[in-house]
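Summary of structural features
Spelled out from the first residue to the last, the chains are:
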Amino acid sequence: MDLKVRVYGDPVLRQKAQTITDFDDDLKALADEMLRAMYLHDGTGLAAPQVGESVRLALVDLQDGEGPFPIINPEIVESASEKIKGEEGCLSFPDIYEDIERPRWIRVRYQDLEGNQSEKELRDFAARVVCHELDHLNGVLMIDHISYLKRKMLKKRLIELREKADQMASST
Ligand code: CO
């Protein structure tokens, strides 16, 4: 398996991903391949729809020394009403970085590769990474969080990305 990271314009990025019910070897193999793709592209997070698999799995590296780990079927069970702005990038939007508002902290519930449930309270950068990846599982992208004006300014680059996505789709 050689995973290609899908860029903006690929319809899979807009789908609502399916809940995972089978915690089997295929799921572990997908998580392994995604981990490789994430490091190859130097990302801090990667969601399965970004590699063309519309299932509720994402890998996150919270940069807390614990290394990357998978979050499966994640749900935000509580979050701060206070929002903070911070810069985000996305492997599906190469070379685009935008300031985006996210809750200062969240409490997230998720399952691991065995199906065991955990809960974590995350702040600042870590909360931001998880919110970004969870959005991907709902077909929501970082450009949905920026102003109309900023989106307009990005329009040309977004069209270029879309064309690239079309070329990728027709070459496979
Ligand atoms: Co992303």
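All of the points below concern the structure found in this document. Every value quoted in this text rests on a predicted model; they were computed, and no experiment measured them. (Residues numbered from 1 in each chain as written. Predicted model: local features only at pLDDT ≥ 70, side-chain atom pairs only at ≥ 80, totals over all residues. Heavy atoms only, no water.)

Quick notes on the pattern of salt bridges
Applying the stated criterion across every chain yields a total of 14 salt bridges. Measuring nitrogen to oxygen at the nearest pair gives 3.0 Å for the salt bridge that ties Arg102 to Asp135. Of this pair, Arg102 sits in strand 5 (residues 98–103) while Asp135 sits in helix 2 (residues 124–137); the two residues are 33 residues apart in sequence, bridging distant segments of the chain. We classify Asp135 as buried; its relative accessible area is 14%. Between Arg104 and Asp124 there is a salt bridge, with the nearest N and O atoms lying 3.2 Å from each other. Here Asp124 lies in helix 2 and Arg104 lies in the loop between strand 5 and strand 6 (105–111), a separation of 20 residues in the sequence. With a relative accessible area of 32%, Asp124 lands in the partly exposed category. Salt bridges here are not isolated pairs; linked through shared partners, they connect Glu88, Arg102, Arg128 and Asp135. (Salt bridge = Lys/Arg side-chain N within 4 Å of Asp/Glu carboxyl O. Helix = DSSP H or I, 4+ residues; strand = E, 2+ residues; numbered from the N terminus. Buried < 20%, exposed > 50% of the residue type's maximum accessible area, 1.4 Å probe, protein only.)

Observations regarding the coordination of the cobalt ion
Within the protein, Cys90 (SG), His132 (NE2) and His136 (NE2) serve as the donor atoms for the cobalt ion, at 2.1 to 2.2 Å. Ordering the donors of the cobalt ion by residue number gives the pattern C-x41-H-x3-H. With Cys90 in the loop between strand 4 (83–88) and strand 5 and His136 in helix 2, this residue pair connects regions lying 46 residues apart in the sequence. His136 carries the same exposure label as Cys90, and that label is buried. (Donors = N, O, S within 2.8 Å, 3.2 Å for Na, K, Ca; no water.)

Topic: the environment of Arg151
Relative to the elements of secondary structure, Arg151 occurs in helix 3 (residues 148–171). By relative accessible area, Arg151 is classed as partly exposed at 30%. When residues no more than four places from it in sequence are discounted, the contact partners of Arg151 are Ile143, Asp144, Ile146 and Leu158. (Contact = heavy atoms within 4.5 Å.)

Quick look at the environment of Arg123
Among the structural elements, Arg123 can be located in strand 7 (residues 117–123). Linking Arg123 and Arg14, residues 109 residues apart in sequence, is a C-alpha distance of 27 Å. Aside from chain neighbours lying at most four places away, what touches Arg123 is Arg104 and Trp105.

Describing the sheet that holds strand 2 (residues 57–60)
As a general point, the strands of a sheet are linked pairwise by backbone hydrogen bonds and lie either parallel or antiparallel. One open sheet holds the 5 strands; their spatial order is 1-2-3-6-7, and the pairing between them is antiparallel. Single-partner strands in this sheet number two, and they are strand 1 (45–47) and strand 7. In this sheet, adjacent strand axes meet at a mean angle of 40° when their direction is disregarded. Alignment of strand 2 against strand 3 (residues 69–79), held across 4 bridges, turns out to be antiparallel. (Pairing = 2+ DSSP bridges. Axes fitted to C-alpha atoms, helices over the stretch in contact; angles between N-to-C directions.)

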